[in-house]
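# Observations on the three-dimensional arrangement
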Amino acid sequence: MEKVKKIRGGDVRTASRLIRNLEDGMIEARSTIKHIFPLTGRAHVIGLTGSPGAGKSTLVDGLVESFRKKEKTVGVLAVDPTSPFTGGAILGDRIRMQRHAEDPGVFVRSLATRGALGGLAKAVGDAIHILDVMGKDKVIVETVGTGQQEVDIINHSHTVLVVLIPGMGDEIQAIKAGIMEIADIFVINKADREGSSKLRREIMAMLDMAPPETFAAGWRPPIIRVENAFEPDGFGKSLEELSATIEKHYQHLVQHNLIGSRVRRKAVVELNEAIRNSVLEPVLNRLVQNGEIEGMIQKLINKETDPYTLAEDVARRYLKECSG
Ligand SMILES: Nc1nc2c(ncn2[C@@H]2O[C@H](COP(=O)(O)OP(=O)(O)OP(=O)(O)O)[C@@H](O)[C@H]2O)c(=O)[nH]1
Ligand SMILES: [Mg+2]
């Protein structure tokens, strides 16, 4: 397939167009992924999440530089970059990543949130595949740490970074337990700020309380302090430490045969999403298009029936259609 060949050759325009078409849910784009999928699995996928304005994009930019120094090629996917905190951050991301714009070893793409059920995560998962097949050694996915979405994206990563900042009050309390559990590395960002030692102590205490089996093959998530981004020396040093730790984590996964379990985790999520897209969406779309859904809603409002009876009726009709 010509398109796949171009993507394998690292063609930025073809890759960008395909990602855009996937975001728009184009069926044809999905069929290209069928050819891409068997070629995936080379890249080290790094998920990075944290609250809005935590300095994630600044951090990603620093990581890109650090990886480039080690001759690694890098792909970056920034998901939902417009947060109410920094507002219009897409432009900000572009400016921040500008210095890498001319570097053919770096590919940066922002993905907008569509709010559609499963729609976003699906595009991200496939976009990761595309960057992988483009030959990027490292694929970094930045997501804002709110809601279910970032949990989904974490399912696509080998190494998960949770970015925290000091002085946000009871930061640890505010973070959902789920997020803390999936962190492979904690980053205390803007560590020049007051409260960074306190935050470190809080994370340590939380890790101390976790049962030992939480830490896969003995990997206790390290806590890396990243100094002020506006002081290049300290920031640069912190970033070197961080990228070395990321590398160490990947080696840990390889040495302890844990890559397989991450791959499996991703496979489960992808299959779930694909079934949802191929089975549930078309059925729902049809019910909306033929107006049936409205009648069903009315019946529920009038208490003529219940949601389970209606759903079972739909399942009977459509599943019969599929198997027949
Ligand atoms: N004081 C201080 N400010 C920082 C530091 N790093 C980033 N910032 C600033 O914090 C703001 C947000 O930085 P971003 O890197 O866009 O943060 P983000 O987490 O990607 O933001 P969203 O994607 O909008 O959630 C910007 O104004 C940065 O200049 C730091 O180390 N110290
Ligand atoms: Mg950002």
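You'll find the structure just up there.
What this report covers is the structure whose coordinates are included nearby.

## Describing a nonpolar patch on the surface
Side chains of Leu-271, Ile-275 and Val-279 sit close together on the surface and give an oily, nonpolar patch of about 270 Å² of accessible area. Within the element layout of this structure, Leu-271 appears in helix α12 (residues 259-289).

## A short note on helix α3 (residues 27-36)
Buried residues of α3: Ala-29, Thr-32, Ile-33 and Ile-36, and no others. Down the axis, α3 shows its buried residues gathered within 105 degrees of arc, on one side only. Opposite the buried face of α3, by more than 90 degrees, sit the exposed residues Ile-27 and Lys-34.

## Notes on the packing of α12 against helix α13 (residues 292-301)
Angle between the axes and distance between the axes are the two parameters that describe a pair of packed helices. At their nearest, the axes of α12 and α13 sit 5 Å apart, and the two run at 85 degrees to each other. Between α12 and α13, the angle falls in the class roughly perpendicular. On the side of α12, the interface is formed by Leu-284, Leu-287 and Val-288, while α13 contributes Glu-292, Ile-293 and Met-296. Taken together, the residues that form the contact of α12 with α13 break down as 5 nonpolar, no polar and 1 charged.

## Observations concerning the coordination of the magnesium ion (ligand 2)
Around the magnesium ion (ligand 2), the protein supplies Ser-57 (OG) and Glu-142 (OE) as donor atoms, at distances of 2.1 to 2.2 Å. Separated by 85 residues along the polypeptide, Ser-57 in helix α4 (residues 56-69) and Glu-142 in strand β4 (residues 138-144) bring together distant segments of the chain. On the basis of relative accessible area, Ser-57 is assigned to the buried category, the value being 6%. With relative accessibility at 5%, the residue Glu-142 sits in the buried group.

## Let's talk about the nonpolar core
Counting residues in hydrophobic clusters, the biggest one holds 25 residues, and the most contacted among them are Leu-18, Ile-130 and Val-141. Of all elements in the fold, only α1 (2-8), α2 (12-23), α3, β2 (74-79), β3 (106-111), α6 (119-133) and β4 reach the threshold of two or more residues within this core. With 6 residues, the top contributor of residues to this core is α6. Among the nonpolar cores identified, the runner-up in size contains 24 residues, and Leu-59, Leu-63, Val-106 and Ile-140 belong to it.

Definitions and limits used
- Residues numbered from 1 in each chain as written.
- Chains lettered and ligands numbered in written order.
- Predicted model: local features only at pLDDT ≥ 70, side-chain atom pairs only at ≥ 80, totals over all residues.
- Heavy atoms only, no water.
- Patch = residues over 30% accessible without salt bridge, like charges linked within 9 Å, V, L, I, M, F, W, Y side chains within 5 Å.
- Areas by Shrake-Rupley, 256 points an atom, 1.4 Å probe, with all protein chains shown as cover.
- Salt bridge = Lys/Arg side-chain N within 4 Å of Asp/Glu carboxyl O.
- Helix = DSSP H or I, 4+ residues; strand = E, 2+ residues; numbered from the N terminus.
- Buried < 20%, exposed > 50% of the residue type's maximum accessible area, 1.4 Å probe, protein only.
- Arc of directions from axis to C-beta.
- Axes fitted to C-alpha atoms, helices over the stretch in contact; angles between N-to-C directions.
- Parallel < 35°, antiparallel > 145°, perpendicular 65-115°, else oblique.
- Contact = heavy atoms within 4.5 Å.
- Nonpolar A, V, L, I, M, F, W, Y, C, P; charged D, E, K, R; others polar.
- Donors = N, O, S within 2.8 Å, 3.2 Å for Na, K, Ca; no water.
- Core = buried A, V, L, I, M, F, W, Y, C linked by side-chain atoms within 4.5 Å.

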